[in-house]
Amino acid sequence: MFISSAFAQTVPAAAAGGDMQSSIMSMLPLVLMFVVLYFVMIRPQMKKQKEHKAMIDALSKGDEIATSGGMLGKVTKLGDSYVSLEVATGVEIQIQRSAVVQVLPKGSIK
């Protein structure tokens, strides 16, 4: 009376194939978003890191640089992970190589 009869639902073979296709189609936007994220954010960041590492490796004595803290100076000594920087006549500081942001053109600092 209160319980309706249950009917077994049969799934034809064609509908089972369509179910697999719909699950692949539901994953497509997620995969597409990851591909766009890779080309818009991840790849340019990796390229920028590679260029920064090449710039730091190419530092030489006498280069004029800018640091991440805004300090400008001339490289006087190079170490494996530190750089001695002359910021004024007779004033030298040591900074980490990773703090170098930009190599300035010669004659920028007076």
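Tallying secondary structure elements over the protein chain gives one helix and five strands in all. Ordered by position in the sequence, the α and β elements of the protein chain form the string α-β-β-β-β-β. Counting across all 110 residues of the protein chain, residues that qualify as buried make up 17%. The contacts of the protein chain with a sequence gap of at least 6 include a subset with a gap of at least 24, amounting to 41%. Roughly 9000 Å² of accessible area belongs to the protein chain as shown, and the carbon and sulfur atoms make up 64% of that amount.

Before going further, it helps to examine the packing of aromatic side chains. Throughout the structure, instances matching the rule amount to one aromatic pair. With a centroid separation of 5.2 Å and 80° between ring planes, the pair formed by Tyr38 and Phe39 is classed as edge-to-face. Tyr38 sits in the partly exposed class, given a relative accessible area of 30%. Exposure remark for Phe39: the relative accessible area of 49% places this residue in the partly exposed category.

It is worth spelling out the pairing of strand E2 (residues 72-78) at this point. Across three bridges, the pairing between strand E1 (residues 64-67) and E2 is antiparallel. Looking at the pairing, Ile65 lines up with Gly73 of E2. Here E2 runs beside strand E3 (residues 82-88); their pairing, made up of four bridges, is antiparallel. Paired with Val75 across the strands is Leu85, a residue of E3. Between the end of E2 and the start of E3, which pair antiparallel, lie three residues.

A few words on the nonpolar core. Formed by Met55, Ile56, Leu59, Ile65, Val75, Val83, Leu85, Ile95 and Val100, the largest nonpolar core amounts to nine residues. Of all the secondary-structure elements, those providing two or more residues to this core are helix H1 (13-57) and E3. Excluding residues within four positions of it along the chain, Leu85 makes contact with Ile65, Thr67, Met71, Gly73, Lys74, Val75, Thr76, Val91, Glu92, Ile93 and Ile95.

Turning to the environment of Ala66, a few remarks are in order. If you trace the backbone, Ala66 turns up in strand E1. Residue Ala66 is classed as buried on the basis of its relative accessible area, which comes to 11%. For Ala66 and Val101, which are 35 residues apart along the polypeptide, the C-alpha to C-alpha distance reads 5.8 Å. In this view, Ala66 contacts Met71, Leu72, Ala99, Val100, Val101, Gln102 and Leu104; residues no more than four positions away in its chain are not counted.

What follows deals with a nonpolar patch on the surface. Together, Val31, Leu32, Phe34, Val35, Val36, Leu37, Phe39, Val40, Met41, Ile42 and Met46 line one region of the surface with nonpolar side chains, adding up to about 1000 Å² of accessible area. Following the sequence through the fold, Val40 ends up in helix H1. Here Val40 falls in the exposed class, since its relative accessible area comes to 55%.

Read from one edge to the other, the open sheet built from five strands follows the order E4-E3-E2-E1-E5, with strand pairing classed as antiparallel. Two strands close off the open sheet at either side, each with one partner strand: strand E4 (91-96) and strand E5 (100-104). Within the sheet, the average angular offset between the axes of one strand and its neighbour, ignoring direction, is 45°.

Conventions used here
Residues numbered from 1 in each chain as written. Predicted model: local features only at pLDDT ≥ 70, side-chain atom pairs only at ≥ 80, totals over all residues. Heavy atoms only, no water. Helix = DSSP H or I, 4+ residues; strand = E, 2+ residues; numbered from the N terminus. Buried < 20%, exposed > 50% of the residue type's maximum accessible area, 1.4 Å probe, protein only. Contact = heavy atoms within 4.5 Å. Areas by Shrake-Rupley, 256 points an atom, 1.4 Å probe, with all protein chains shown as cover. Phe/Tyr/Trp six-rings, centres within 6.5 Å; stacked < 30°, edge-to-face > 60°. Pairing = 2+ DSSP bridges. Core = buried A, V, L, I, M, F, W, Y, C linked by side-chain atoms within 4.5 Å. Patch = residues over 30% accessible without salt bridge, like charges linked within 9 Å, V, L, I, M, F, W, Y side chains within 5 Å. Salt bridge = Lys/Arg side-chain N within 4 Å of Asp/Glu carboxyl O. Axes fitted to C-alpha atoms, helices over the stretch in contact; angles between N-to-C directions.

Honestly, it's all geometry; don't read function into it.
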